[in-house]
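# Fold and geometry: a report
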Amino acid sequence: MPEKKNTQWVIDVRQITKTYQMGSVKLQVLRGIDLKVAKGEFVSIMGPSGSGKSTLMNILGALDQPTSGKYYLDGVDVSQMSEAELARVRNRKIGFVFQNFNLLKRTEAIRQVELPLMYAGVPNRTKRAKAALEAVGLGARLNHLPSELSGGQQQRVAIARAIVTEPSVILADEPTGNLDSRSGTEVMQIFQRLNREQKITTIFVTHDPWIARHTDRVVMLRDGRIVADQKVKAPLKAGEVERPTEAEELQGVFEEVYYGGKREEYN
Ligand code: ADP
Ligand code: MG
């Protein structure tokens, strides 16, 4: 591993571009992204479909390499690493949470959460997995299969699996996208608590401005560029304010969170 620099930035991305070669055509998906995320921040990434959110998350998660530019994760330059080195970084430094949970169907919760520890060759796996499940409020569901859990509980198992290795950052792509609003609130409460109490750096992709208002900072992508990057003035606490159901109120949320452009362009 390259030498680690002393840094306050968990994520430090400098002028990253990503170009896909489609036959004879080059498609530039990221056009010079600069993004710094400090330890303990809770950030959401928003933007229209096709703006490059997933491409950026794949690079942040060391699943893919940028075409040009630098990416320092925890002070280590990962933008030139080999596939084997990247896999090691992913395992040690990144916790992933997916929209569709990605749990093994016939595996009980405690074993799901032990898996990343097995890959990392870490001792005390059962004890640590149990602690992670307790941290997400599932201490009484250790031996349940996914089919025996609600959607919100399944996503909490996935969150436990993401935090059990004590990663530098949690990356979540639409983690509440498949949940009803009550389960979504439950999952947001867990993310907020982990962020507040354990200072877990968290980055969300979300289409949902209501969810984004529960994070500290919104980064808006458009056509492969960051077009806005702002603190959320007074982040909402999950469960404390009812999600507005009236069309007018929703409209207000959109106007507050989306900067520039017309609302239609973000759908
Ligand atoms: P978002 O997540 O914001 O919807 P993506 O990052 O998935 O956007 O995609 C951005 C653009 O890059 C889209 O036009 C998409 O078709 C293109 N793209 C994504 N992945 C690939 C790939 N592996 N090969 C070619 N084009 C891709
Ligand atoms: Mg996407």
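Just so we're clear, the structure is a prediction, and the values are computed from it rather than from any experiment.

What follows is about the nonpolar core. Ranked by internal contacts, the top residues of the largest apolar core, which has 60 residues, are Ile-45, Val-113, Leu-133, Ala-160 and Ile-163. Top element by residues in this core is helix H5 (residues 151-163). It accounts for 6 residues. Those residues in contact with Ile-45 that sit more than four places away from it in its chain are Lys-53, Leu-56, Ile-203, Phe-204, Val-205, Val-219 and Leu-221.

Further remarks concern the site of ligand 1. Every residue close to ligand 1 is listed here: Tyr-20, Met-22, Leu-27, Val-29, Gly-47, Ser-49, Gly-50, Ser-51, Gly-52, Lys-53, Ser-54 and Thr-55. Of all elements in the fold, only strand E1 (9-22), strand E2 (25-38) and helix H1 (53-60) reach the threshold of two or more residues within the shell around ligand 1. For the shell around ligand 1, the leading source of residues is H1, giving 3 residues. Within the shell around ligand 1, the residues separate by chemical class into 4 nonpolar, 7 polar and 1 charged.

In contact at an axis separation of 8 Å, H5 and helix H6 (residues 181-198) are set at 20 degrees when each is read in the N-to-C sense. One element, H5, and the other, H6, form an angle in the roughly parallel class. The handedness of the crossing between H5 and H6 is right-handed. Note on element contacts: H6 touches H5 through Ser-183, Glu-186, Val-187, Ile-190 and Leu-194, opposite Gly-151, Gly-152, Gln-155, Arg-156, Ile-159 and Ile-163. For the contact of H5 with H6, a count of residues per class yields 5 nonpolar, 4 polar and 2 charged.

Moving on to the pairing of strand E9 (residues 217-222). Pairing between strand E3 (residues 42-46) and E9: 4 bridges, direction parallel. Each residue of the ladder has a partner; that of Ser-44, found in E9, is Val-218. Here E9 folds back onto strand E10 (residues 225-231), and the loop between the two strands holds 2 residues, one of which, Asp-223, carries a positive phi near 50 degrees.

Moving on, we get to the sheet that holds strand E4 (residues 68-73). Reading across the sheet, the 4 strands line up as E2-E1-E4-E5 and stay open at both edges, with antiparallel pairing between neighbours. On the outer flanks of this sheet lie E2 and strand E5 (76-77), each paired with one strand and no other. Of the pairings in the sheet, the one linking E1 to E4 comprises 5 bridges and is antiparallel in character. Bridge pairing in E4 places Asp-12 opposite Tyr-72.

Below, the discussion takes up the sheet that holds E9. To summarise the sheet geometry, strands pair through backbone hydrogen bonds and adopt either a parallel or an antiparallel arrangement. The strand order across the open sheet built from 6 strands is E6-E7-E8-E3-E9-E10, with neighbouring strands paired in mixed fashion. Since the sheet does not close on itself, it has two edges, and those belong to strand E6 (94-97) and E10, each with one partner. Between one strand and the next, the sheet's axes are offset by a mean angle of 20 degrees, whatever the strand orientation. Where E3 lies against strand E8 (residues 201-205), 4 bridges are found, and the strand directions are parallel. Of the residues in E8, the one forming a bridge with Phe-42 is Thr-202. H1 contacts E3, strand E7 (169-173), E8 and E9 of the sheet and is inclined by roughly 155 degrees relative to E7. Strand contacts of H5: E6 and E7, with the helix running at about 170 degrees to E6, the strand carrying the most contacts.

To continue, consider the environment of Ser-51. By the element assignment, Ser-51 lies in the loop between E3 and H1. Taking C-alpha positions, Ser-51 is 4.9 Å from Arg-222, a pair spaced 171 residues apart along the chain. Apart from the residues lying within four places of it in its own chain, the contact partners of Ser-51 are Leu-221, Arg-222, Asp-223 and Gly-224.

Conventions used here
Residues numbered from 1 in each chain as written. Chains lettered and ligands numbered in written order. Predicted model: local features only at pLDDT ≥ 70, side-chain atom pairs only at ≥ 80, totals over all residues. Core = buried A, V, L, I, M, F, W, Y, C linked by C-beta atoms within 7 Å. Buried ≥ 20, exposed ≤ 12 C-beta atoms within 10 Å, placed from the backbone. Helix = DSSP H or I, 4+ residues; strand = E, 2+ residues; numbered from the N terminus. Contact = placed C-beta atoms within 7 Å. Near = placed C-beta within 6 Å. Nonpolar A, V, L, I, M, F, W, Y, C, P; charged D, E, K, R; others polar. Axes fitted to C-alpha atoms, helices over the stretch in contact; angles between N-to-C directions. Parallel < 35°, antiparallel > 145°, perpendicular 65-115°, else oblique. Left-handed = near helix turned anticlockwise from the far one by under 90°. Pairing = 2+ DSSP bridges.

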